[in-house]
Amino acid sequence: AIDRLANSNQCNWESVTMEIHVSTINLMKTADRTLLAEHRVRFVSFMALGQHENHLGYIVHGGPKIWYCHVYQSDGSCADMARAIQNACNARYKLLLAKQEETKKVQKPETPGIFSFFKKLKRKSPETERRTLATKG
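Residues numbered from 1 in each chain as written. Predicted model: local features only at pLDDT ≥ 70, side-chain atom pairs only at ≥ 80, totals over all residues. Heavy atoms only, no water.

Peer 1: I'd like to hear about the sheet that holds strand β1 (residues 16-20), residue by residue, with values.
Peer 2: Pairing within the open sheet is antiparallel, and its three strands lie in the order β1-β2-β3. One side of each edge strand has no neighbouring strand; the edge strands of this open sheet are β1 and β3 (35-40). Averaged over all adjacent pairs, the angle separating strand axes in this sheet is 15°, with direction ignored. In the sheet, β1 pairs with strand β2 (residues 24-29) via five bridges, with the strands oriented antiparallel. Bridge pairing links T17 to M28 in β2. (Pairing = 2+ DSSP bridges. Helix = DSSP H or I, 4+ residues; strand = E, 2+ residues; numbered from the N terminus. Axes fitted to C-alpha atoms, helices over the stretch in contact; angles between N-to-C directions.)

Now the structure itself:
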């Protein structure tokens, strides 16, 4: 699909510069550096190289039931761009995991339910305690 899109209507393509950061992908006109689009890395849902490695495409979630597909053609290989986007996605994922761990530490522990009560009873049954005391004494 990427190659089919890349080969259609190439006269309408605009020359852009892509800046890839940990949290955003910025697309700017190459001529005057005007910002055309800014995509949050967290909303990139799919990315792939085309059959020819000079084609790259990714899909960004733009809102409720809105998805944007962007296809790029480069004079050279797009593999480095794909790796940079992948690294940004991995970095965002690691930040998300770190925040979740931090949130778990801050949250109060839940009150024990009936199952934890029975587990404690099972662990400290009189038979177990007697066996423990007999082996100690």
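Peer 1: A description of the pattern of salt bridges should follow, citing residues and the corresponding values.
Peer 2: Scanning the model with the defined rule gives three salt bridges in all. Salt-bridge contacts for R33 lead to E19; the nearest nitrogen and oxygen are separated by 2.7 Å. Here R33 is found in the loop between β2 and β3, whereas its partner E19 is found in strand β1, with 14 residues between them in sequence. Here R33 falls in the partly exposed class, since its relative accessible area comes to 44%. Close ionic contact of D80 with R83 constitutes a salt bridge, the shortest N to O distance being 2.6 Å. Taken together, the positions of D80 and R83, both in helix α2 (residues 79-106) and three residues apart, correspond to about one turn of that helix. (Salt bridge = Lys/Arg side-chain N within 4 Å of Asp/Glu carboxyl O. Buried < 20%, exposed > 50% of the residue type's maximum accessible area, 1.4 Å probe, protein only.)

Peer 1: How would you sum up the packing of aromatic side chains? Please name residues and give values.
Peer 2: A full pass over the atoms with the stated rule returns one aromatic pair. With 5.7 Å between their ring centres and 25° between their planes, Y58 and Y72 make a pair best called stacked. One end of the pair, Y58, is in strand β5 (residues 55-63); the other, Y72, is in strand β6 (residues 66-73), with 14 residues separating them in the sequence. You'll find Y58 and Y72 in the same group, each marked buried. (Phe/Tyr/Trp six-rings, centres within 6.5 Å; stacked < 30°, edge-to-face > 60°.)

Peer 1: Describe the sheet that holds strand β4 (residues 44-49), listing the residues and the values that go with them.
Peer 2: Pairing between sheet strands relies on hydrogen bonds along the backbone, with the strands arranged either parallel or antiparallel. Overall, antiparallel pairing links the three strands, which are arranged β4-β5-β6 in an open sheet. What marks the edges here is a single partner per strand, and that holds for β4 and β6. Each strand of the sheet is rotated relative to its neighbour by a mean of 15°, with strand direction disregarded. Two elements, β4 and β5, share five bridges in a ladder whose sense is antiparallel. Looking across to β5, one finds that M47 is bridged to Y58.

Peer 1: Give a description of unusual backbone geometry that names residues and reports values.
Peer 2: Of note, the phi angle at R33 is positive, near 60°, even though the residue is not glycine. Phi at K65 takes a positive value of approximately 60°, unusual for a residue other than glycine. With respect to the helices and strands, K65 occurs in the loop between β5 and β6. On the basis of relative accessible area, K65 is assigned to the exposed category, the value being 84%.

Worth remembering: the numbers are spatial, not functional.
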